[in-house]
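Understanding the architecture of this molecule
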Amino acid sequence: MTAAPTSTGVQAGKGPAAPHGDTAPRRVNFDIKQSGIYIALALVVVLFTALTGGDLLGPQNLSNIIVQFSYILVLAIGMVLIIIAGHIDLSVGSVVAATGAFAAVMMVDWDLPWPVAVIATLVFGAMIGAWQGYWVAYFNIPAFIVTLAGMLLFRAVTMWILGNEGKGPFPDEIRTLGNGFIPGFLGNIGLGEALGGADLFSIILGVAVVVGMALVQVRARAARIRYSQAVDPMWLFALKVAVPAILVMFFVVQLARFRNLPWVLVLLAVLVVGYTLVTNRAVFGRQIYAVGGNLQAATLSGVKVKSVVFWLFVNMGVLSAVAGIIFAGRLNLAGPTAGNSFELDAIAAAFIGGAAVQGGVGKVVGAITGGMIMAVINNGMSLLGAEPKEVMLVKGGVLLAAVAFDVWSKRRTAGAK
Amino acid sequence: MTDTILRMSGITKTFPGVKALQDVNLDVRRGEIHSICGENGAGKSTLMKVLSGVYPHGTYEGDIEFEGEPCKFSGIRDSEHRGIVIIHQELALASNLSIAENIFLGNEQAKRGWIDWNRTNAAADELLRRVGLSERAVTPVIELGVGKQQLVEIAKALSKQVKLLILDEPTAALNDEDSAHLLDLLRGLRDEGITCVIISHKLNEVMGISDRVTILRDGKTIWTANTPELTEEKIISGMVGRDMEHRYPDHTPKIGAEALRIEDWTVFSPSQPDRPLVNRVNMTLRRGEIVGLAGLMGAGRTELAMSVFGRSYGVNISGRLVKDGQEIQARTVREAIDHGMAYATEDRKRYGLNLIEDIKRNISAAALDKLAKAGWVDGNEEFRVADGFRASMNIKAPSVEAVVGKLSGGNQQKVVLSKWILTDPDILILDEPTRGIDVGAKYEIYTIINRLADEGKAILVISSELPELLGICDRIYTLSAGRITGEVPRAEATQESLMTLMTKEAQEVAP
């Protein structure tokens, strides 16, 4: 701990203590635990870009990574919240299958309009989540057991609904959500000989996002200064704004050069922004961290612990239904084996992304980054012609290494106290 | 019969920042029952942990001599090997295993790694006969009451060829009948030549059963005496009399109207639903007044406080809470907070703080609604409020974004107090508010408590330190075995009179 100004003798806290209006720049501490995950992603990207001779970052491949991994990322958002609260959900793969099958029955067999079917499917997902949340929160059965049972139960429900065969085809709108791209509204622009053309609308959208990101950060910094809170020095702040902006723009340009922005990317962006806000700023989000950080202290602070856990599982059910619809739309088929082992990828994404095994720690952006690391490893290795067994080997090793690092760094700080 | 079986001399044990034991001497004679008495925190349990090897040789200073030989125990197995067995207040039985399995746990009756069940159960039956427990050896422990479990523990000790049996508060959880049986059994064991050391708060039992008594206070031996030369008053005057080592801020109370009345409050134990931990308690708290609650370990102080605070402890709670003249229902912590109650726990690390979060998020944890609009927290306002507490409570940290787990005990306690002050309570229950914090920080906490009282809040302070209660409270209740045994204005209270009241209930129980 840094030496706090030692008050001489006993200062009985009368009146304001030493004025503390100094807006001294925060000491630049390189927090390896927080930045480690982004560095890891950068390393993985650089590694596979080099190994594949640049193919990894090609327009079409980048687009593929997003579309192929989007449903895992959607699940990872819900999963990291549950892990922060100190629980786990093993059933999401089966719930993806069950909700996909449910959607197929309504759209394919009953010919219901797709918006009605989508809403009904989300409600179905919420009901599944409520079922599991009840047993975990109000019946005090460990989530591991409840969702292990759920994994079997909802796989059985899927097979009940579908029999032993797939069901399709889905309406165009659903297929577009899973697989399609935003149409170009403003035509292409040339980017020069080497790059070829790119969709103008996508690029304008990308610029808008980058400007928005920068504005939010500038405003937050201004507010912090107004409240005399410590802020990063200007150069570091500029770096923190510029680097993500450059990355986003690169990403958008590459996608614009292929077939525009995938719809799932738009959906994913909305979810990430929304859930990041909830975890950082909503009372509910704070309570998730409080429950996971110290359950007893949260209870004695008046947090309705059971209700928080219950609604987290409901939320997971809804996000599983979202993933179920995307996945079925992408394959244009709801199959009885859909979603197999999705839970493992989603859990791995959350832990690689810095969630703590004991709960109380984790971030939505971290889980997305963790998911991207897995996605890049998956995609990069398949570009290199690696066999599934090798991919599994690497992914298993990365997961173990990430959690081992978390436990090790925690033990180190505990020892340093 | 002056054969000394155990001699501990010059024992000093230091924890970071605290001297728990200072040059303690203890002589125990073979075949006697020796009682150790002292207030909470006097060092009794620490001394027994040193003796049994829980704190291994090398982590303390001083010498232990058992049966004339020096001992350097590196763990509890070593001391058990020599015939020293300790039975803790919290019984350590595996509740799903049978009596016989528990007795021989870690000492299995086996041949080449395979357990001989016939021998195990026969030997257990024999031991049960010795302790007078008429249960079958194959009965699971979970089916036994606490009294019988205590006997199983003693049988387990006998199976280890015990020479010196240490019992920490053996009758604290027992009813009169079971207590009487246990004490008879101990007398029987003494006649068989087994030496006993008993830690007890029940002075009548101490007088009734022990041959000699040793008093500990503030980690020091005060005296050892033969029981026939003693009276309960003499023991009490030895136990109390802690130095008024801390200064207490001057305070003239401005006592106002009644804020909370607790009527007929009864709470039963969650693990033994037929045993009342708090028994028909009546208390009154008034605005601007600091009320103390004194009681020895196990008297039910925390149980009383937590059950009042949204029924966060205990089962089958009955009684009435009347706030500002109106009966209120506080069935959950949330309801209690909404009714203007706050409870700062005695164990801030386990129950009070989220140690991995920063100061500001801990301070806001119980009052997020106040800092939020439509469910969204105003982060800047949260910072401003927390930083205000940092200044007014003198929390020593680089910023309110520092992680609470890295603060000192005193600063952590200030964070806990800030958290509850932010909820703007009318009634503040402070459970051991100065436990484990240094003298300077204690003074600051006392000043804060006075300030809160002056703002018109009703304050209940639970403390094991009698000088602290005498130093800051306007009125003090004493609690013993779940019952209020006294209510004394500060001017009339002394450490001796409080201790007499704190051990009163125990005296009424027939030995």
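Keep in mind that this is a model prediction, so the values were computed, not measured. (Residues numbered from 1 in each chain as written. Chains lettered and ligands numbered in written order. Predicted model: local features only at pLDDT ≥ 70, side-chain atom pairs only at ≥ 80, totals over all residues.)

1. Remarks on the overall build of chain B
Filter applied, for reference: In this text, helices come from DSSP runs of H or I with a minimum length of four residues, and strands from runs of E with a minimum of two, each type numbered from the N-terminal end. Here the globule rule reads 2.2 Å times residues to the power 0.38, and the radius of gyration is calculated from C-alpha atoms.
Counting secondary structure elements, chain B contains 18 helices and 24 strands. For 511 residues, the compact-globule estimate of 2.2 N^0.38 gives 24 Å, and the C-alpha radius of gyration of chain B, at 25 Å, lies within 12% of that figure.

2. Re the overall build of chain A
Counting its secondary structure elements, chain A contains 15 helices and two strands. Along the longest, intermediate and shortest principal axes, the C-alpha atoms of chain A span 80 × 65 × 40 Å.

3. Focus on the sheet that holds strand E10 (residues 195–199) of chain B
Residue and element names in this part refer to chain B. We apply this condition: Two strands make a pair as long as DSSP finds a minimum of two bridges between them. Note on method: axes are straight lines fitted to C-alpha atoms, helices fitted across the in-contact stretch only, with angles between N-to-C directions ranging 0 to 180 degrees. Here the contact rule is simple: place C-beta atoms from the backbone, and any two residues whose C-beta atoms are within 7 Å are in contact.
Here we have six strands laid out as an open sheet, ordered E6-E9-E10-E3-E11-E12, and mixed in their pairing. What marks the edges here is a single partner per strand, and that holds for strand E6 (84–87) and strand E12 (220–226). With direction set aside, neighbouring strand axes in the sheet form an average angle of 15°. Pairing of strand E11 (residues 212–217) with E12, which is carried by six bridges, proceeds in the antiparallel orientation. Paired with Arg217 across the two strands is Lys220, which belongs to E12. On top of the sheet, helix H8 (residues 232–239) reaches strand E3 (33–37), E11 and E12; it is set at about 25° to E11, its chief contact.

4. Describing helix H9 (residues 263–281) of chain A
Quick reminder: α-helices carry 3.6 residues per turn. Residues three or four places apart thus point the same way. All names here are of chain A. As a reminder of what qualifies: The span one expects for a helix is its residue count, reduced by one, times 1.5 Å. Any residue with 12 or fewer other C-beta atoms within 10 Å of its own C-beta is exposed, any with 20 or more is buried, and the rest are partly exposed; the C-beta atoms used are placed from the backbone.
A rise of 1.5 Å per residue sets the reference length of H9, with its 19 residues, at 27 Å; its end C-alpha atoms lie 27 Å apart and thus fit the reference within 8%. Those residues of H9 that sit buried are Trp263, Val264, Leu265, Leu268, Tyr275 and Thr279. The secondary structure elements touched by the buried residues of H9 are helix H2 (59–84), helix H6 (172–179), helix H10 (283–293), helix H12 (305–331) and helix H14 (364–383).

5. Points about the sheet that holds strand E13 (residues 258–268) of chain B
Residues and elements named next belong to chain B. Spatial ordering of the open sheet is given by E14-E13-E16-E17, a layout of four strands whose pairing is antiparallel. Of all the strands in the sheet, just strand E14 (276–286) and strand E17 (326–328) have a single pairing partner and so form its edges. The sheet shows a mean angle of 15° between the axes of neighbouring strands, direction not considered. Across three bridges, the pairing between strand E16 (residues 315–323) and E17 is antiparallel. Bridge pairing in E17 places Val322 opposite Glu327. Sitting on the sheet, helix H9 (residues 301–308) is in contact with E13, E14 and E16, with an inclination near 115° to E13.

6. Quick notes on the domain arrangement of chain A
Residues and elements named next belong to chain A. Worth spelling out the cut-off: Segmentation into domains, and thus their bounds, comes from an automatic or database assignment. Under the convention adopted here, Pro, Cys and the residues Ala, Val, Leu, Ile, Met, Phe, Trp and Tyr are nonpolar, Asp, Glu, Lys and Arg are charged, and Gly plus all remaining residues are polar.
What the domain assignment lists for chain A is domain 1 (35–180 + 262–416) and domain 2 (185–260). Centre-to-centre separation of domain 1 and domain 2, based on C-alpha positions: 26 Å. Facing five residues of domain 1, the contacting portion of domain 2 comprises six residues. Here the side of domain 1 that touches domain 2 is composed, by residue class, of three nonpolar, two polar and no charged.

7. As for the packing of H2 of chain A against helix H8 (residues 234–258) of chain A
All names here are of chain A. To keep it simple, the criterion reads: Oblique is the label for any angle not under 35 degrees, not over 145, and not in the 65 to 115 range, which are roughly parallel, roughly antiparallel and roughly perpendicular in turn.
Where H2 meets H8, the axes come as close as 8 Å, and the angle between the chain directions of the two elements is 105°. On the basis of the axis angle, H2 is roughly perpendicular to H8. From H2, Pro59, Gln60, Leu62 and Ser63 reach across to H8, where they touch Phe251, Gln254, Leu255, Arg257 and Phe258.

8. Some words on unusual backbone geometry
Residues other than glycine predominantly adopt negative phi, and peptide bonds predominantly adopt the trans conformation. Omega for the bond connecting Gly168 of chain A with Pro169 of chain A falls within 30 degrees of zero, at -5°, which places this linkage in the cis form. Here Pro169 of chain A shows up in the loop between helix H5 (143–162) and H6. Despite not being glycine, Asp23 of chain B shows a phi value in the positive range, around 55°. Within the secondary structure layout, Asp23 of chain B lies in strand E2 (residues 18–29). Using a count of 14 C-beta atoms within 10 Å as the deciding quantity, one classes Asp23 of chain B as partly exposed.

9. Description of the confidence of the model for chain B
Residue and element names in this part refer to chain B. Cut-off, in case you're wondering: Confidence of the predictor in every single residue is expressed as pLDDT, which spans 0 to 100.
Across chain B, the average pLDDT comes to 89, with 97% of residues at or above 70. Segment residues 506–511: pLDDT under 50, and 16 contacts once partners within four positions in sequence are set aside and those in other chains are kept. We note a pTM of 0.84 for the whole complex and an ipTM of 0.83 for its interfaces.

10. Re the interface of chain B and chain A
Contacts between chain B and chain A engage 41 residues on the former and 34 residues on the latter. Sorting the residues of the side of chain B that touches chain A by element identifies helix H10 (333–338), helix H11 (348–352), strand E20 (376–377), helix H13 (379–392) and helix H15 (439–454) of chain B as the ones contributing at least two each. Its residues placed into classes, the side of chain B that touches chain A shows 21 nonpolar, 12 polar and eight charged.

11. Examining the environment of Phe405 of chain A
Here Phe405 of chain A is to be found in helix H15 (residues 388–416). For the pair formed by Phe405 of chain A and Asn340 of chain A, sequence separation is 65 residues and the distance between their alpha carbons is 28 Å.

12. Description of the domain arrangement of chain B
How big an interface is tends to be stated in terms of the accessible area lost upon association of its parts. Residue and element names in this part refer to chain B. Annotation of chain B at the domain level lists domain 1 (4–239), domain 2 (254–340 + 428–511) and domain 3 (354–424). If you average the C-alpha positions of domain 2 and of domain 3, the two centres end up 26 Å apart. Listed per partner, the contact involves 10 residues of domain 2 and nine residues of domain 3. Sort the elements by how many residues they give to the side of domain 2 that touches domain 3 and H15 lands first, with four residues.

13. Observations concerning helix H6 (residues 176–191) of chain B
Residues and elements named next belong to chain B. What counts, and what does not: For this quantity, the arc is that covered by the directions from the helix axis to the C-beta atoms.
Compared with an ideal rise of 1.5 Å per residue, which puts 16 residues at 22 Å, H6 spans 23 Å between its outermost C-alpha atoms and is within 8% of the ideal. Residues of H6 that are buried: Ser179, Leu182, Leu186 and Leu189. Down the axis, H6 shows its buried residues gathered within 85° of arc, on one side only. Among the exposed residues of H6, those pointing more than 90 degrees away from its buried face are Asp176, Glu177 and Asp191. Positioned one or two residues after H6, Gly193 has a phi angle of 100°, which is positive.

14. Notes on the pairing of strand E23 (residues 475–480) of chain B
All names here are of chain B. Most of E23 sits out of view: six of its six residues are buried. Of the two faces of E23, both are covered, the one formed by Arg475, Tyr477 and Leu479 as well as the one formed by Ile476, Thr478 and Ser480. By the bridge criterion, five bridges tie strand E15 (residues 290–295) to E23 in an arrangement that is parallel. Residue Ala294 lies in a different strand from E23, and its bridge partner there is Thr478. By the bridge criterion, six bridges tie E23 to strand E24 (residues 483–489) in an arrangement that is antiparallel. Within E24, the position partnered with Leu479 by the bridge is Ile484.

15. Section: the pairing of strand E9 (residues 164–168) of chain B
Residue and element names in this part refer to chain B. Heads up, the rule is: Note on handedness: a clockwise path from strand one over the helix to strand two, with the strands aimed away from the viewer, defines a right-handed crossover.
Burial within E9 is extensive, with five of its five residues counted as buried. Of the two faces of E9, the one lined by Leu164, Ile166 and Asp168 and the one lined by Leu165 and Leu167 are each fully buried. Direction of pairing for E9 relative to E10: parallel, over a ladder of five bridges. Paired with Leu165 across the bridge in E10 is Cys196. With H6 bridging E9 and the parallel E10, this β-α-β connection has right-handed handedness.

16. Some details on the environment of Thr158 of chain A
With respect to the helices, strands and loops of the structure, Thr158 of chain A is situated in helix H5. Each C-alpha atom of the pair Thr158 of chain A and Leu300 of chain A lies 41 Å from the other, and the pair is 142 residues apart in sequence.

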